[in-house]
Amino acid sequence: MAELTEELSQVKGEEPAVPGKDVRVHPNPEPQGKRPLDVPTGTPTVIVDDLHIVYRVYGTATDNEKGNAVNALTRLLKRQGRPQMKEVHAVKGVTFVAYHGDAIGIVGRNGSGKSTLLRAIAGLLPPHEGAVYTDGQPSLLGVNAALMRELTGERNIVLGCYAMGMTPAEVKEKYQEIVDFSGIDEFVQLPMSTYSSGMGARLRFAISSAKTHDVLLIDEALATGDREFRKKSEARIRQIRESAGTVFLVAHDLKVIEETCNRVIWLHKGKIRMDGDPKEVISAYNKG
Amino acid sequence: MSQPESAVADAQAGGRSGQEPLAKLAERYGLRRAIARPRFPVYLRQLWERRHFILTYATSRNVSKYSSSALGQLWQVLTPLLNAGIYYVMFGVILGGRGGIENYPAFLLTGMFVFTYTQRVVTAGAKSISGNLSMIRALHFPRASLPLAYTIQELQQLAISMGVLLVIVTATGEWPTWFWLMIPVVLALQTMFNIGASLVIARLGAQMRDLNQLLPFITRTWLYASGVFFSIQDKVVGSAKLPQWVADVMYLNPTASYIEWMRDILIKTHHTQNGHNPPTMVLVSCVFWAVFSLGFGFWYFWRSEERYGRG
C-alpha cells in the first residue's frame, strides 16, 4: 500500500511533463504477430484489452492545505469538498495477450504503472476503461499482507496458507515443504519480527509460491534474499512456467528478468513502449 | 486528467486492424473478466469455505495483541476485571447510582460486560476494512471474512469475560440456577446481532473515512441509552416522569434487550414478576434484532463487495 501510493504520487508528479514525447512512445505492440515460437500450447491465459486505470488518491494535499483545523473548517464552509483527493491515470491503454508457458517480465521506471497493471490483472483494481480477461483466478504473490510480525513463523505459515484459500489438509501437506524451501530451519519457532529481512522475504516467497497458481503475479519479491535462494526461486518460477502456467514478474533487477523471462514488456508512463524478446527490450531500456 | 480519447484511438489502431477483437478472442478461449461480484448464495458458500482462515485470523490477532506485554494472555482476564472495578467505584460508590436496585454490583457488571461485547465489535468492525487495505489489495477472499474474524476475536475475549462475570456475580450472592443454561442462548442471539452490526459498520467505515472519529461518541450515547448504570424503568418513568411508552421503546434497543435478559437470568431480584424469564417484549426484541441484523448485515455488505479497497 505504502509503496503503491508512493509510486502513484510519482506518476502524478511526472504527468504534466513533456506531452509531446508520448507520441513516439507507443510502437504498436502487435501482441499476436510477435509471439515467440517457443510457446508450447499457444492458448491465451490473460488478455488485456485497452486497459485504463484511474486511481483516486487521498492525502496528497499541498503544504498550505495540510491537516490544519482552520483550513479544514474553511474548506467545509466554502463547500470545497476534499481538495486532497487527486485522480491519477496510472495505466493508459495497455493491450497485450499472454499465453500458456509465458514468463513475462515488466520493466519500467518508478511510477510507470507496473504494480498497478499487476493489480488490475489480479482483479483487485477495476478498469476505468477496457477490460482484463483471464483464465481462472490470477494471484498476486502478496501473502505478506496477511502475516503478522509478532507471531512465530509456524503460525504465519498456517495463517498465510489459509489466507490463500488452502484447506487444512493442504496446509498440513505443504507445511514441511514451505519450511524446507525457505531454509529458515529452527527460526520457524520464533516470531517473524526477529527475522532478518532476507529471512522474512524467503519465508514469504516460500508461503506464497506453495500454492499452485495458473497465473502468478510477482512484484519485486526476488530482490531480497541471498544468491542461493535466488537460484531456488528462479527454479520455482521455471517450474510454474513448465506446468503451463503464466508468470508475470516486476523487478528492477534486469538480470533476474533476463534469466527467467521469455518476453519483456517495457512500460513507460502507463503505456507500453516495447514488447518482445528480453534481450532486445532490455538493451533498448538500458539506452533509455 | 489525461487524454483517454487519444489513448483509446491509439490502442484501437494498435496492430490489430483486420484481426478479431480481443473480446472475441477471450470469449473463444473461455476467458472471463477478472472483476465480478458473485451471487449472494455463492458468496455465502465462499465465506463458509474460508472458515478456517476466519478462525485462524481471529485467533492470531488475539495472540499477537498481547504478545508484547509481560503478562501476555493474562490481560484477557485482567482487562475486564479492572474495568469492573473502575465502574463499580465510579457509579456504585462515588455517584451512588444504586437507586432502588438491590444487587447493584451484579446489575452494573452484567450490563457493562454485555454492552462492551457489542461496543467492541462495532468499534473493531468499523476498522476491519479500512485498516486492512493492503491485504484486500493483495489477496482474493470474500471481504466479509474480515468483519467476521473481528467479531469472532471479540467472542473469544467475551468467553473469558463471561467467566469473570459469573464468578463475581456468584460472589455477590447470586447462586447458579438451571436458568444459567440460557446464557449461551442469549450470547448466541447477541452474537448474531453483532455480526450483522459489524458488517454494516464495516461497509460504512470503508466508505466514510470520518466514521472512526465519530464512533466513540455514538457508542457512548448508546451506552447511556442502554441502561447500563441505571434501571431504565426507574429513571425514565420514576424520576423523569416521562410516559411509560418511552421506557418501553428504550427497552427495544438491542443492547438494552440483551442486557435485560441477561440480568433476568443472573439476578433473582430483577423483574421478580417473571422469575428468571424476561418480559415477552424483551424476548421478542432480542430474537428480532438477531435475525434482522444478521440477514440485513450480510446482504448490505455483499452489495458493495467489489468496491472494497478501491479508490
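**With respect to the pairing of strand β6 (residues 215–219) of chain A**
Residues and elements named next belong to chain A.
Piece 1. For β6, the tally of buried residues reaches five of five residues, placing the bulk of the element in the interior.
Piece 2. Residues of β6 alternate between two faces, with V215, L217 and D219 on one and L216 and I218 on the opposite face, all of them buried.
Piece 3. With two bridges joining them, strand β5 (residues 139–140) and β6 adopt parallel strand pairing. Bridge pairing in β6 links S139 to L216.
Piece 4. In the sheet, β6 pairs with strand β7 (residues 246–250) via five bridges, with the strands oriented parallel. Within β7, the position partnered with I218 by the bridge is L249.

**Some points on the environment of A84 of chain B**
Residue and element names in this part refer to chain B.
Piece 1. For A84, the location among the structural elements is in helix α5 (residues 75–94).
Piece 2. Overall, A84 belongs to the partly exposed group, with 19 C-beta atoms counted inside 10 Å.
Piece 3. If we ignore the near neighbours within four places in the chain, the residues touching A84 are L109, M112 and I168.

**What about unusual backbone geometry?**
All names here are of chain A.
Piece 1. Backbone geometry at D185 places phi at a positive 50°, although glycine is not the residue there.
Piece 2. Note that D185 resides in the loop between α5 (168–182) and α6 (197–208).
Piece 3. Here D185 falls in the exposed class, since 11 other C-beta atoms lie within 10 Å of it.
Piece 4. Positive phi, close to 50°, is recorded for K269, a residue that is not glycine.
Piece 5. When you line up the elements, K269 lands in the loop between β8 (263–268) and β9 (271–276).
Piece 6. Residue K269 is classed as buried on the basis of its 23 C-beta neighbours within 10 Å.

**Brief notes about helix α13 (residues 254–266) of chain B**
Piece 1. The terminal C-alpha atoms of α13 of chain B, which comprises 13 residues, lie 19 Å apart, in line with the 18 Å expected from a rise of 1.5 Å per residue.
Piece 2. The buried count for α13 of chain B comes to 13 of 13 residues, which makes it a mostly enclosed element.

**Quick look at the confidence of the model for chain B**
Piece 1. Counting all residues, the mean pLDDT for chain B is 83, and 89% of those residues have values of 70 or more.
Piece 2. Every residue in residues 1–18 of chain B scores below 50 in pLDDT, and together they form 27 contacts with partners more than four places removed in sequence or on other chains.

Parameters and conventions
Residues numbered from 1 in each chain as written. Chains lettered and ligands numbered in written order. Predicted model: local features only at pLDDT ≥ 70, side-chain atom pairs only at ≥ 80, totals over all residues. Buried ≥ 20, exposed ≤ 12 C-beta atoms within 10 Å, placed from the backbone. Helix = DSSP H or I, 4+ residues; strand = E, 2+ residues; numbered from the N terminus. Pairing = 2+ DSSP bridges. Contact = placed C-beta atoms within 7 Å. Expected span 1.5 Å × (residues − 1). pLDDT = per-residue confidence, 0-100.

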